[in-house]
Amino acid sequence: MLDLQTLHRRASRVLPEVVKTSGLFEHPMEQNQLAALLFPLRRKSSGSIRFRLSAGTVEAMKIRPMAYLQQATQARAALGRQQHPFVYRAWRMACLPRHWVESVAASPDSLQTSSVDAYFTTKTDDKALVVIVPDKSIALYFWKD
């Protein structure tokens, strides 16, 4: 079984370079889902993983988040030796209901606003989604092969 630090290092390869993270929230999935993400084999898989955004990324996204993410359209590294890094589409913004975000965030928020800004992109093959919620210091990666 992988420790959280090793899991974070390997899983963060799917994120663009400018999306810096400081760790994971907890073991986010069952071991077979985790293995499917980190050691892609020729079988269908799906799952999600929750990253904790670094303080630097949260701070950088406060002023002009879309400008910060504009060039973030390629993953840091490929998951496999014979593969290329994932390519993502242009980032978009959405206002999500606060209760949606609180269900995946580490702690409930005491703010009274009804929505929270989120930024998202998809892989060009539509098999993965990256969602960033700077106000909650969270980045989510969802995949379905």
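The present account deals with the structure reproduced in this document. Every residue gets a number counted from 1 within its own chain, in the order that chain's sequence is written. For this predicted model, a pLDDT threshold of at least 70 governs which residues receive local features, and a threshold of 80 or more governs which side-chain atom pairs are given and counted, while totals over whole chains, interfaces and linings are taken from all residues. Think of the side-chain values as coming from all heavy atoms in the structure, minus any hydrogens and water.

### Regarding the nonpolar core
Generally speaking, nonpolar side chains in soluble globular proteins are found buried as a group.
Item 1. Remark: nonpolar core denotes a set of buried residues (Ala, Val, Leu, Ile, Met, Phe, Trp, Tyr, Cys) joined through side-chain atoms within 4.5 Å. Using a 1.4 Å probe on the protein chains alone, a residue whose accessible area is under 20% of its type maximum counts as buried, one over 50% counts as exposed, and one in between counts as partly exposed. Formed by 25 residues in total, the largest nonpolar core has its most connected members in F51, I132 and Y141.
Item 2. Mapped by element, the contributors of at least two residues to this core are α1 (4–11), β2 (46–53), β5 (128–133) and β6 (138–144).
Item 3. Counting residues in hydrophobic clusters, the runner-up holds 9 residues, among them V101, A118, V133 and I138. Counting from the N terminus, the helices are the DSSP runs of H or I reaching at least four residues and the strands are the DSSP runs of E reaching at least two.

### Notes on the packing of aromatic side chains
Item 1. Stacked, edge-to-face and tilted labels apply to pairs of Phe, Tyr and Trp rings (six-membered ring for Trp) whose centres lie within 6.5 Å, assigned for plane angles under 30 degrees, over 60, and everything in between, in that order. On inspection of all chains with the given rule, the structure shows 1 aromatic pair.
Item 2. Between the aromatic rings of Y141 and W143, the centroid separation amounts to 6.0 Å while the plane-to-plane angle is 25°, which identifies the pairing as stacked.
Item 3. With relative accessibility at 6%, the residue W143 sits in the buried group.
Item 4. Only when the NZ of Lys or the CZ of Arg is both within 6 Å of the ring centre and within 35 degrees of the ring normal is a charge said to sit over the ring. Lying across the ring of F25, R52 places its NZ or CZ 4.2 Å from the centre.

### Quick look at the sheet that holds β5
Item 1. For two strands to be treated as a pair, DSSP must find at least two bridges joining them. Spatially, 6 strands are ordered β1-β2-β6-β5-β4-β3 in an open sheet, and the strand pairing comes out antiparallel. Both outer strands of the open sheet, β1 (21–24) and β3 (92–97), are each paired with one neighbouring strand and no more. The mean inter-strand angle of the sheet, taken between neighbouring strand axes irrespective of direction, is 30°.
Item 2. Across 4 bridges, strand β4 (residues 115–122) lies against β5 in antiparallel orientation. Of the residues in β5, the one forming a bridge with F120 is V131.
Item 3. Throughout, a residue-residue contact means that at least one pair of heavy atoms, one from each residue, lies within 4.5 Å. Note on geometry: axes are lines fitted to C-alpha atoms, helical ones only across the stretch in contact, with angles between N-to-C directions running from 0 to 180 degrees. Lying on the sheet, α1 is in contact with β1 and β2; it crosses β1 at an angle near 125°.

### Observations concerning the pairing of β6
When a strand is regular, its side chains alternate between the sheet's two faces.
Item 1. Counted residue by residue, β6 has 5 buried out of 7 residues, so it is predominantly covered.
Item 2. Across 7 bridges, the pairing between β2 and β6 is antiparallel. Bridge assignment links I49 to a residue of β6, and that residue is Y141.
Item 3. In terms of strand pairing, β5 meets β6 through 6 bridges, oriented antiparallel. Bridge pairing in β6 places V131 opposite L140.

### Let's talk about the pattern of salt bridges
Item 1. Salt bridge, as used here, is a side-chain nitrogen of Lys or Arg placed within 4 Å of a carboxyl oxygen of Asp or Glu. Considering all chains together, one arrives at 5 salt bridges under this definition.
Item 2. The partner of K123 in a salt bridge is D125, and the shortest N-O contact between them spans 3.4 Å.
Item 3. Exposure remark for K123: the relative accessible area of 9% places this residue in the buried category.
Item 4. Residues participating in the shared-partner salt-bridge network are E17, K20 and R76.

### Remarks on unusual backbone geometry
Item 1. Look at D126: it is not a glycine, yet its phi comes out positive at around 65°.
Item 2. Locating D126 in the fold gives a position in the loop between β4 and β5.
Item 3. On the basis of relative accessible area, D126 is assigned to the exposed category, the value being 55%.
Item 4. The residue S137 is not glycine, and still its phi comes out positive at about 55°.
Item 5. Within the secondary structure layout, S137 lies in the loop between β5 and β6.

### Comments concerning the environment of K20
Item 1. When you line up the elements, K20 lands in the loop between α1 and β1.
Item 2. Those residues in contact with K20 that lie beyond four places of it in its chain are L53, S54, T57 and R76.
Item 3. Here E17 takes part through its side chain, which lies 2.7 Å from a polar atom of the side chain of K20. Nitrogen and oxygen atoms within 3.5 Å of one another constitute a polar contact, given that in protein one can donate a hydrogen and the other can accept it, and given that sequence-neighbouring residues count only through two side-chain atoms.

None of the figures reported here should be taken as evidence of function without further support.
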